[in-house]
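# Topology and contacts: notes
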Amino acid sequence: MAETSADTLVTHNTEELNCGTAKDDGGVSHTQKGIPLSRKLCYAIGGAPYQMTANAKGFFMQIFLLDVVQMDAFYVSLILFMGRAWDAISDPLVGYVVSKSSRTRIGKLIPWLVFTMPFGVLTYIMLWFTPKDTMSPAFSFTWYFTMCCLFDTFMSCYHVPYSSLNMFLGGDQKDRDSATGYRMGVEMFGTLAGAAIQGQIVGVYHAKKAQACSQMNLTGDLLPNQTLPLTDTLQNTRRAYVIAAVILGALYFLCCLVLFLGVKEQLAPLSTLDRIRIPYLTGMKMVVKHSPYVRLVFGFLFASLAFQMAQGNFALFCTHAAGLGAYFQHLVLILLTAATLSVPLWQTLLVKLGKKTTIFIGLSVYVPTLVIIASVQSNLPVYIIMSILAGSSLASLYLLPWSMLPDVVDDFKIKNPNSKDLEPIFYSCYVFFNKFGGGLSVGISTMALHFAGYKPGACRHNASVITTLRVLFAPVPIVLLLVGMVMFYFYPINEARRLQIKEELRKATTGENDLTVNDARL
């Protein structure tokens with residue numbers, strides 16, 4: 001009899017200790033143990049599609065529409081700005097719809113990634129496809145604007161739930177920071193892979209055009225704003241863009257498959273992964289009134305705007321202002337390789353110095369880099385060195401703000417314990433400002449080139465176009481970056497506050513577990 005009672009007591013105690021590890025009917029685990037390495041890696045791999053496609057668009061979309069499709073700069077500016085504006089607007093909407101969705105047998109967030117992936121792959125390929133050799137301005141604008149909006153919508157349905165998934169991997173702040181480090185390492189590798197695939201496939205044909213323009217210039221046959229005739233080289237260039245898109249689309253599919261097979265959603269402290277209970281506008285007001293979030297978002301916005309403006313004009317700057325059109329794809333590859341290799345460095349500094357200090361160090365490197373690149377012409381060794389430094393700074397922008405966002409969400413939870421399951425709104429608004437900044441940068445850049453007299457497909461441009469490219473590549477991004485750094489300076493969550501949040505979350509989680517055990521006993 002005593003033996004049976006002892007066995008019963010042991011069983012009861014074991015059930016109490018493991019009450020947070022069982023799965024509910026939604027297929028979501030409640031464990032708060034550390035995150036296994038395999039789950040971190042699978043989660044990280046899932047972030048590669050967004051970065052591969054976004055950076056391929058960021059580096060090559062402008063020059064593709066201007067010099068390959070040969071669309072007027074005014075229409076290009078409309079597509080790039082309005083497409084990004086739509087992309088930005090769709091993120092908060094997708095975030096709210098995701099918050100309102102119910103859990104399924106495979107979770108709440110993961111189904112969004114899986115079921116929108118095929119449409120994202122298809123529209124990405126169509127985005128780089130040229131339907132006809134010669135298109136009317138109206139048809140060309142309609143085709144590329146439609147494909148751009150469709151792809152961005154499906155990518156939002158993938159990236160917003162994926163970003164929110166960081167809060168539902170299990171573990172504590174340290175575990176999530178580690179998972180974010182793995183994610184950013186893989187994402188930087190994704191940008192490298194995207195630029196390498198796209199750049200090396202299409203760069204050969206851009207180099208041939210640059211060589212043809214150079215030969216015409218040497219013979220004295222080249223006039224300002226003169227374009228090359230429609231040749232087989234242009235047709236091959238268009239075909240190369242489609243081939244690159246198909247390869248990136250296949251990688252998109254494989255990464256999504258790895259994420260689906262390797263990651264299971266875990267309940268986070270003070271979250272239920274259930275349908276959001278409050279109206280959309282109420283939730284948005286609560287999010288945007290949270291002071292640490294606002295300062296972090298605007299710091300990220302201006303810093304991202306600076307990087308994206310320089311990135312979007314890099315190909316045109318190298319081609320038309322620096323005289324290195326035959327090498328820009330290699331410089332992009334060097335820049336992104338340096339960014340990928342720099343992620344562990346910033347992760348180490350993040351742990352030793354804190355997130356706020358590290359982001360100031362990382363962003364500061366970018367300013368002298370832009371100044372030197374804009375001041376030097378046709379000096380490949382200098383450009384290689386500056387591309388390495390720019391890539392290193394870019395890695396800090398990728399890693400630090402995304403590592404700081406979970407701290408802001410945790411701070412909000414502590415201050416608003418009754419407002420649960422708002423994580424998708426936090427992440428979607430964060431992505432919104434990043435994309436809006438990108439759309440604003442490329443829209444303003446291309447419109448400025450239009451008014452400066454940029455002629456699509458031209459081998460040689462007038463002095464006002466070259467001056468505009470120089471201004472857009474260095475002075476404007478530097479000013480924007482300095483504004484972003486001021487915003488980060490006033491960001492209130494330092495290391496002391498972060499440790500305090502961690503302790504408060506631990507107490508809140510322990511209290512919830514105690515209530516769960518008491519309810520079970522009753």
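Predicted model, so just to flag it, every value in this text is computed and none were measured. (Residues numbered from 1 in each chain as written. Predicted model: local features only at pLDDT ≥ 70, side-chain atom pairs only at ≥ 80, totals over all residues. Heavy atoms only, no water.)

### Observations regarding the overall build of the chain
The helix and strand tally for the chain stands at 18 helices and 0 strands. Every one of the 522 residues in the chain was classed for burial, and the buried ones make up 54%. Pairs at least 24 apart in sequence give 86% of the contacts found in the chain among residues at least 6 apart. Just so you have it, the chain exposes about 21000 Å², and 67% of that area is on carbon and sulfur atoms. (Helix = DSSP H or I, 4+ residues; strand = E, 2+ residues; numbered from the N terminus. Buried < 20%, exposed > 50% of the residue type's maximum accessible area, 1.4 Å probe, protein only. Contact = heavy atoms within 4.5 Å. Areas by Shrake-Rupley, 256 points an atom, 1.4 Å probe, with all protein chains shown as cover.)

### Some thoughts on the environment of N313
Among the structural elements, N313 can be located in helix α10 (residues 291–321). Along the chain, N313 and F59 lie 254 residues apart, while their C-alpha atoms are 7.7 Å from each other. In this structure N313 touches Q62, S445, L449, L469 and L472, once residues within four positions along its chain are discounted. Within polar-contact distance, the side chain of N313 engages the backbone oxygen of M309 at 2.8 Å. (Polar contact = N/O pair within 3.5 Å; in protein donor to acceptor, adjacent residues only side chain to side chain.)

### So, the side chain of S90
Mapped onto the secondary structure, S90 falls in helix α4 (residues 73–100). Discounting residues that sit within four places of it in the chain, S90 has contacts with D152 and S156.

### Examining the nonpolar core
Ranked by internal contacts, the top residues of the largest apolar core, which has 142 residues, are F64, L65, W128, Y293, L363 and F426. In terms of residue count, the dominant contributor to this core is α10 (16 residues). Leave out the neighbours within four places in its chain, and F64 touches V69, L127, W128, T130, Y144 and Y241. (Core = buried A, V, L, I, M, F, W, Y, C linked by side-chain atoms within 4.5 Å.)

### Concerning helix α15 (residues 423–452)
Relative to the 44 Å expected for 30 residues at 1.5 Å per residue, α15 spans 44 Å between its end C-alpha atoms, a close match to the ideal helical length. Taken across its 30 residues, α15 has 22 buried, putting it largely inside the fold. The positive-phi residue at the C-terminal boundary of α15 is G453, with phi of around 100°. (Expected span 1.5 Å × (residues − 1).)

### Quick notes on the packing of aromatic side chains
The final tally for this structure, using the stated rule, is 21 aromatic pairs. Ring centres 6.1 Å apart and planes at 75° place the aromatic pair F300 and W402 in the edge-to-face group. One end of the pair, F300, is in helix α10; the other, W402, is in helix α14 (residues 380–415), with 102 residues separating them in the sequence. Using a relative accessible area of 4% as the deciding quantity, one classes F300 as buried. Residue W402 is classed as buried on the basis of its relative accessible area, which comes to 7%. Taken together, F64, Y124, W128, Y144, F151 and Y241 form an aromatic cluster joined through their ring pairs. When the ring centre of W402 is taken as origin, the NZ or CZ atom of R183, which lies over that ring, is 4.7 Å away. The residue whose ring lies beneath K356 is Y489, and the NZ or CZ to ring-centre distance is 5.9 Å. (Phe/Tyr/Trp six-rings, centres within 6.5 Å; stacked < 30°, edge-to-face > 60°. Lys NZ or Arg CZ within 6 Å of the ring centre and 35° of its normal.)

### Describing the state of the cysteines
Counting across every chain of the model gives 0 disulfides. Cysteine C148 shares no disulfide, and the gap to the nearest cysteine sulfur, in C149, comes to 5.7 Å. Using a relative accessible area of 12% as the deciding quantity, one classes C149 as buried. (Disulfide = S-S within 2.5 Å.)

### Observations regarding a nonpolar patch on the surface
On the surface, F253, L254, L257 and L261 cluster together to form a nonpolar patch covering roughly 380 Å² of accessible area. The residue L257 is located in helix α8 (residues 232–262) in this model. Given a relative accessible area of 36%, L257 falls into the partly exposed group. (Patch = residues over 30% accessible without salt bridge, like charges linked within 9 Å, V, L, I, M, F, W, Y side chains within 5 Å. Salt bridge = Lys/Arg side-chain N within 4 Å of Asp/Glu carboxyl O.)

### A short note on the environment of L259
Assignment of secondary structure puts L259 in helix α8. Separated by 220 residues in sequence, L259 and R39 have C-alpha atoms that sit 8.6 Å apart. Setting aside residues up to four positions removed in sequence, L259 forms contacts with C42, Y43, G46, L113, Y158, Y162 and L165.

### Observations regarding α14
For α14, spanning 36 residues, the distance from its first C-alpha to its last is 53 Å, which sits close to the expected 52 Å at 1.5 Å a residue. Of all 36 residues in α14, 27 are buried; the element is thus mostly enclosed.

### So, unusual backbone geometry
Leaving glycine aside, a negative phi is the common case for residues, and trans is the common case for peptide bonds. Unlike most non-glycine residues, Q70 shows phi in positive territory, near 60°. Tracing the sequence through the fold places Q70 in the loop between α3 (48–68) and α4. Look at Q70 and you get partly exposed, because its relative accessible area is 37%.

### Quick look at the side chain of R497
Tracing the sequence through the fold places R497 in helix α18 (residues 495–521). Among the polar contacts made by the side chain of R497, one reaches the side chain of D411 at a distance of 2.4 Å.

### A word on the confidence of the model for the chain
Confidence along the chain averages 79 in pLDDT terms, with 82% of residues attaining 70 or more. Note on residues 1–31: pLDDT is under 50 here. Beyond four places in sequence and across chains, it has 36 contacts. Scored below 50 in pLDDT, residues 515–522 makes 4 contacts in the model with residues more than four places away or belonging to other chains. (pLDDT = per-residue confidence, 0-100.)

### Describing the pattern of salt bridges
Scanning the entire structure with this criterion turns up 7 salt bridges. The salt bridge involving D152 is made with K57; its shortest N-O contact spans 2.9 Å. Here D152 is found in helix α6 (residues 137–164), whereas its partner K57 is found in helix α3, with 95 residues between them in sequence. Residue classification places D152 among the buried residues on the basis of a relative accessible area of 3%. Classification of K57 as buried rests on a relative accessible area of 10%. For K415, the salt bridge identified is with D411, shortest N-O distance 3.2 Å. Of this pair, K415 and D411 are both found in helix α14, 4 residues apart, which corresponds to roughly one turn of the helix.

### A few points about the packing of helix α12 (residues 355–364) against helix α17 (residues 475–489)
Taken N-terminus to C-terminus, the directions of α12 and α17 make an angle of 170°; their axes are 10 Å apart at the nearest point. It follows that α12 is roughly antiparallel to α17 by the angle criterion. Side by side, α12 and α17 meet where K356, I359, F360, L363 and S364 of the first sit next to L481, M485, F488 and Y489 of the second. When the residues that make up the contact of α12 with α17 are grouped by side-chain class, the tally is 7 nonpolar, 1 polar and 1 charged. (Axes fitted to C-alpha atoms, helices over the stretch in contact; angles between N-to-C directions. Parallel < 35°, antiparallel > 145°, perpendicular 65-115°, else oblique. Nonpolar A, V, L, I, M, F, W, Y, C, P; charged D, E, K, R; others polar.)

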